[in-house]
Amino acid sequence: MAELPKRYDPKAVEPKWYQRWIDDQAFIADAKSSKPPFSIVMPPPNVTGVLTLGHVLNNTIQDILARRARMQGFEVLWLPGMDHAGIGTQTAVEKYLRRTENKTRHDLGREEFLRRVLEWQDKHGGIIIEQLKRLGCSCDWSRQRYTLDEAYAAAVQRAFVELYDKGLVYRGRRMINWDPVAQTAVSDEEVISRPQKGKLYFVRYEIVEEPGRFLEVATTRPETIMADTGMAFHPRDKRYLDLLGKHAWRPLAREKIPIIADEAIDPEFGTGVLKVTPAHDALDFEIGQRHDLPIIDVLHPDGRINCPAVPELNGLDRFEAREKAAELLQARGALAKTEPYENNVGFSDRSDVPIEPRISEQWFLRYPKTKEALAVVRDHLIRFFPAHWEKVYAQWLENIRDWCISRQVWWGHRVPAWYRKSQVPNSKSQIGGEIYVGIEPPPDPGNWIQDEDTLDTWFSSWLWAYETMDQETRRKFYPTSVLVTAADIIFFWVARMIIAGLEFKPGKSSTIEDNIPFHHVFFTSIVRDQLGRKMSKSLGNSPDPLELIDKYGADGLRFGLMRIAPTGQDIRFDEKQIEEGRNFATKLWNVARFRQMHGASDPAPEIDTQALSIFAIEVLARLNETIDAIEAAYREYQFNVVAQRLYDFVWSDYCDWFVEAAKTDIFGEDEAKKKSALAVMDFVLSAILRLLHPFMPHISEELWLLLGFGEDSIQFASPPQKVGLDELEDVLEKRQLVSAIYQTVQTGRNLRAKYNIPSNKKIRLLLRSESKAIPDQILTLTRLLNAEEVELDPKYRAQAGHPVAITPLGEIFLTVGAADEARERERLDKEIAKLENDLRTVEVKLQNSSFIDRAPAAVVEEHRRRLADFTAQLAKLRQARAGLN
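What counts and what doesn't
- Residues numbered from 1 in each chain as written.
- Predicted model: local features only at pLDDT ≥ 70, side-chain atom pairs only at ≥ 80, totals over all residues.
- Heavy atoms only, no water.
- Helix = DSSP H or I, 4+ residues; strand = E, 2+ residues; numbered from the N terminus.
- Rg over C-alpha atoms; globule rule 2.2 N^0.38 Å.
- Contact = heavy atoms within 4.5 Å.
- Areas by Shrake-Rupley, 256 points an atom, 1.4 Å probe, with all protein chains shown as cover.
- Pairing = 2+ DSSP bridges.
- Axes fitted to C-alpha atoms, helices over the stretch in contact; angles between N-to-C directions.
- Buried < 20%, exposed > 50% of the residue type's maximum accessible area, 1.4 Å probe, protein only.
- Right-handed = clockwise from strand over helix to strand, strands pointing away.
- Expected span 1.5 Å × (residues − 1).
- Parallel < 35°, antiparallel > 145°, perpendicular 65-115°, else oblique.
- Nonpolar A, V, L, I, M, F, W, Y, C, P; charged D, E, K, R; others polar.
- Core = buried A, V, L, I, M, F, W, Y, C linked by side-chain atoms within 4.5 Å.
- Left-handed = near helix turned anticlockwise from the far one by under 90°.
- Salt bridge = Lys/Arg side-chain N within 4 Å of Asp/Glu carboxyl O.

**Here's the deal with the overall build of the chain**
On a plain count of helices and strands, the chain comes out with 27 helices and 29 strands. For the chain, the C-alpha radius of gyration of 36 Å lies well beyond 29 Å, the compact-globule estimate for 885 residues. Dimensions of the chain, computed from the C-alpha atoms along their principal axes, are close to 110 × 65 × 55 Å. Across the chain, the fraction of contacts at a sequence separation of at least 24, relative to all contacts at a separation of at least 6, is 77%. Carbon and sulfur atoms make up 48% of the accessible area of the chain, which totals about 39,900 Å².

So, in structure tokens, the structure goes:
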């Protein structure tokens with residue numbers, strides 16, 4: 001057995017073990033295994049992405065689940081992969097081209113541009129996979145997938161064609177969300193609403209039939225006035241009924257436009273009159289359709305104004321044009337006033353700029369299986385953790401709108417649709433006539449031209465749960481066990497994967513149970529900084545996880561982060577907590593070294609329950625409680641609770657209390673007691689390593705084998721079982737005695753600290769106690785108090801100036817000669833006052849007949865016990881105080 005180095009060095013341990021696990025093929029799933037399956041598919045990071053704290057959180061949780069399942073005897077598949085990230089990757093390459101060559105993708109042409117993207121992908125892609133390996137992720141890398149793999153791409157095409165053949169995919173000219181920076185359509189789910197401070201402009205429109213009379217309209221967007229094709233009010237708004245059927249002069253690009261009435265108008269907003277701009281607002285578009293209003297688009301795809309009729313605005317950026325339009329209106333007497341105004345504006349999740357509602361010819365999906373998708377979550381065939389996300393999911397599905405699935409980017413899955421060349425006009429938006437949709441090109445490809453668009457990245461990733469698996473793997477591992485993902489993609493991905501599973505039925509039978517993509521979904525928290533801000537490069541508040549691994553080790557990062565990750569709440573990141581994770585690893589290493597100093601560990605220690613010390617009984621009982629608490633927390637995906645219970649048990653119950661108390665026997669002359677203490681040390685330390693392994697895989701593997709707890713990897717060791725203590729006599733009384741001893745020690749330490757006596761200085765203490773159990777434990781009490789001697793004297797008469805404190809065992813005295821009597825009197829006076837106040841509170845409750853009659857009997861009894869305890873403690877404190885008079 002190799003000797004443990006004095007210091008734990010993650011840089012030496014972690015890479016060594018990860019490479020050995022890879023060499024041993026420890027993570028490869030066997031689809032032919034007779035073991036029960038446990039499977040997770042990794043939410044695919046972007047192919048050119050790099051590791052963030054969000055990735056660390058998400059993948060640490062997945063690794064915890066995968067490693068725990070292996071230890072429980074499951075055949076585990078954790079399937080990794082990457083997403084081609086259509087818009088994100090293309091945008092990055094286009095920026096690079098503009099910066100280095102001053103060219104656009106249109107300058108290069110489609111074929112050459114895609115070649116450049118492939119070069120970029122080869123250079124920058126896959127970095128995150130190697131970073132996940134540094135974190136210790138136990139993925140089956142032999143099954144790594146990519147959304148542009150040939151087989152996966154074919155599956156995406158088949159899905160499109162099948163849905164088209166069913167009439168669920170269709171092409172139409174509709175109002176969509178347009179990203180002026182990426183210059184593509186984005187789905188409703190990719191639009192993030194944010195409050196924005198701006199202005200409300202009150203614009204005057206003169207009535208054509210009544211010169212000198214004006215309609216006043218409140219608008220936030222004067223730059224689109226040139227696209228107005230109507231004025232509208234509510235049909236029951238009596239203020240404007242006499243204007244119905246008349247016309248108003250449009251003040252910019254002057255033209256007369258009709259005045260109409262429509263139920264959609266809110267009479268309470270602004271003046272109750274709406275300028276109808278069908279090309280640039282979703283509501284206006286619907287009103288325009290009902291009243292057959294023309295559609296005028298005054299914006300270029302990049303957000304610049306396209307209106308030669310108003311040369312002062314033509315070519316300006318939309319926000320610059322807003323200010324200029326207000327100036328023009330002011331100069332023409334058409335601007336009545338402006339007011340500060342805050343409203344919600346939709347931002348593109350892709351480019352972080354305000355989107356533009358725009359009429360466009362796009363491909364859409366009419367969602368299938370929405371009722372079934374609602375039912376599987378409502379009936380808990382699929383369970384969400386935390387459960388409140390079920391309501392959010394249901395609200396979205398109940399109000400679902402068709403999905404715009406085409407994107408005006410070149411990188412991705414090209415739409416498998418072709419148009420006859422003779423029918424392709426100059427403007428793609430006017431395509432009509434014959435369309436061919438199929439996996440293969442049409443029979444006479446020379447007469448057809450393929451659609452230039454690609455499919456939304458989410459249209460490929462909604463198949464991720466099963467198209468990443470071959471048939472044999474799917475039969476074994478689908479449906480998957482759990483999905484771990486961020487709540488902000490519950491619509492983008494989670495809901496759509498459920499719909500895809502129910503629609504395409506990839507399972508072993510056609511039943512709903514066999515086709516849902518997963519049984520559980522755990523939604524992770526958002527990692528924020530100490531001020532509550534989201535992590536971002538621009539704010540400079542996002543630490544590099546690889547730097548944290550270099551400083552604290554992967555296990556330190558994993559454990560530290562999981563301790564501060566409460567289920568259902570955002571995480572306030574604090575690097576000190578990661579340092580605590582490293583310190584915890586050091587604590588574990590040091591206690592293992594101490595054990596190794598006393599001989600070889602027993603891989604299967606026999607616990608003779610009749611020979612156990614009271615301190616061994618306590619630590620074994622605490623281990624049982626910890627195992628129960630951990631199992632309960634795992635059932636609810638409360639990983640921070642698991643981490644905190646392990647931290648408390650290892651640091652406090654095991655290291656600080658049991659091991660220190662056990663040193664009395666370990667360093668004693670009684671070999672039987674020493675053997676029993678070391679056996680308990682081994683038993684508990686073996687259990688600790690197995691409980692910690694999912695969180696801290698590297699150090700637990702290192703110690704497991706160096707201490708000789710197993711010949712094989714800890715990855716496949718069975719979880720620890722609880723120790724049977726039921727047959728022991730007086731277990732509760734013995735545990736209460738240990739608790740009293742530990743409290744007495746803590747009180748004695750606090751008393752030393754109050755009098756500035758260094759913890760490493762040996763001093764004499766005196767315990768006035770009538771407990772008959774204490775004489776047998778006086779050596780351990782002396783060790784824990786780091787005392788020169790603890791004298792036990794039930795009849796001790798306190799000497800003036802000796803500091804005293806009340807403990808569950810009796811009064812403990814510092815027998816130091818030069819104590820400050822005035823300070824001791826002040827301290828005792830404060831403790832007496834506090835105890836008197838506590839006693840009064842209990843007495844008032846017990847004198848209240850209503851409390852006695854209505855409170856549970858156990859609560860009333862607890863208050864009576866407190867009354868007796870407080871009274872006894874107060875008498876002792878008063879006695880000590882009297883000795884100082």
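What follows continues from the structure just given.
**Points about the sheet that holds strand β7 (residues 191-206)**
Whenever strands of a sheet pair, they do so through backbone hydrogen bonds, lying parallel or antiparallel. Spatially, β8-β7-β13 is the arrangement adopted by the three strands of the open sheet, whose pairing is antiparallel. Looking at which strands have only one partner, the edges of the open sheet turn out to be β8 (214-219) and β13 (335-348). Across the sheet, the mean angle separating the axes of adjacent strands is 20° when strand polarity is ignored. Alignment of β7 against β8, held across six bridges, turns out to be antiparallel. Along β8, the bridge assignment pairs E206 with F214. In the packing of helix α9 (residues 318-331) onto the sheet, the strands contacted are β7 and β13, and the crossing angle to β7 comes to about 15°.

**Comments concerning the pairing of strand β22 (residues 480-486)**
For β22, the tally of buried residues reaches six of seven residues, placing the bulk of the element in the interior. Two strands pair when backbone bridges link them, and β22 and strand β23 (residues 518-524) are joined in this way by six bridges, in the parallel orientation. Directly across from L483, in β23, lies its bridge partner V521. A crossover connection joins β22 to the parallel β23 through helix α15 (residues 490-504); in handedness this β-α-β unit is right-handed.

**A closer look at helix α18 (residues 575-596)**
Across its 22 residues, α18 extends 32 Å between first and last C-alpha, which sits within 8% of the 32 Å expected from 1.5 Å per residue. Among the residues making up α18, those that are buried are I578, G581, F584, A585, L588, W589, V591, A592, R593, F594, R595 and Q596. On the buried face of α18, the contacting elements are α16 (545-552), α17 (554-563), α20 (639-666), α21 (671-692) and α22 (697-706).

**Considering the packing of helix α10 (residues 370-378) against helix α11 (residues 389-398)**
It is at 10 Å that the axes of α10 and α11 come closest, and there the two elements cross at 170°. In terms of orientation, α10 lies roughly antiparallel with respect to α11. Counting all contacts with α10, which are made through T370, A373, L374 and V377, the residues of α11 involved are E390, Y393, A394, L397 and E398. Its residues assigned to classes, the contact of α10 with α11 comprises six nonpolar, one polar and two charged.

**Observations concerning the nonpolar core**
Y654, F658, F695 and I741 are the most contacted members of the largest nonpolar core, which has 145 residues in total. A per-element tally of this core places α20 first, with 15 residues. Residues V156, Y367, W493 and M497 belong to the second largest nonpolar core, which totals 61 residues.

**Quick notes on unusual backbone geometry**
Residue P386 follows F385 across a cis peptide bond; omega there is -5°. Looking at where P386 falls in the secondary structure, it is placed in the loop between β15 (383-385) and α11. With an omega of 0°, the peptide bond running from Y478 to P479 counts as cis. Position of P479 relative to the elements: it lies in the loop between α14 (471-477) and β22. Of note in this structure, Y637 is not a glycine but carries a positive phi near 60°. Looking at the secondary structure, you find Y637 in the loop between α19 (614-635) and α20. In the Ramachandran plot, N756 falls in the positive-phi region, its phi being about 55° despite a non-glycine side chain. With respect to the helices and strands, N756 occurs in the loop between α23 (731-754) and β26 (764-768).

**Considerations on the packing of α21 against α22**
Relative orientation of the contacting elements α21 and α22 amounts to 150°, with a least axis distance of 9 Å. Relative to α22, the element α21 lies roughly antiparallel. In the packing of α21 onto α22, the handedness of the crossing is left-handed. Residues S686, L689 and R690 of α21 touch α22, and the partners they reach there are S700, L703 and W704. Considered class by class, the residues forming the contact of α21 with α22 number three nonpolar, two polar and one charged.

**Remarks on the sheet that holds strand β10 (residues 247-249)**
In space, the four strands of this open sheet follow the order β10-β11-β9-β12, with mixed pairing throughout. Every other strand in the sheet has two partners, leaving β10 and β12 (273-276) as the edge strands with one partner each. Within the sheet, the average angular offset between the axes of one strand and its neighbour, ignoring direction, is 30°. Those strands touched by helix α8 (residues 282-291) are β11 (256-261) and β12, and its axis lies near 80° from that of β12.

**Focus on the environment of L455**
Position of L455 among the secondary structure elements: in strand β21 (residues 454-455). A sequence separation of 400 residues divides L455 from H55, and the C-alpha atoms of the two residues are 25 Å apart. If we ignore the near neighbours within four places in the chain, the residues touching L455 are V156, F160, I405, R407, H413 and V415.

**Some remarks on the side chain of E811**
By the secondary structure assignment, E811 is in strand β29 (residues 810-814). Given a relative accessible area of 4%, E811 falls into the buried group. When near neighbours in sequence (up to four residues on either side) are disregarded, E811 contacts L766, L767, R768, V804, A805, I806, K876 and Q879.

**Description of the pattern of salt bridges**
Using the criterion set out here, one finds 66 salt bridges in the structure. Notably, a salt bridge pairs D402 with R174, separated by 3.6 Å at the nearest N-O pair. Linking D402 in the loop between α11 and β16 (403-404) with R174 in strand β5 (residues 169-179), this pair joins segments that are 228 residues apart in sequence. A salt bridge links D628 to K722, with the shortest nitrogen-to-oxygen separation between them at 3.1 Å. Of this pair, D628 sits in helix α19 while K722 sits in the loop between α22 and α23, placing them 94 residues apart in sequence. Classification of K722 as partly exposed rests on a relative accessible area of 44%. Overlapping salt bridges bring together E101, E112, R115, R116 and E119 as one network.

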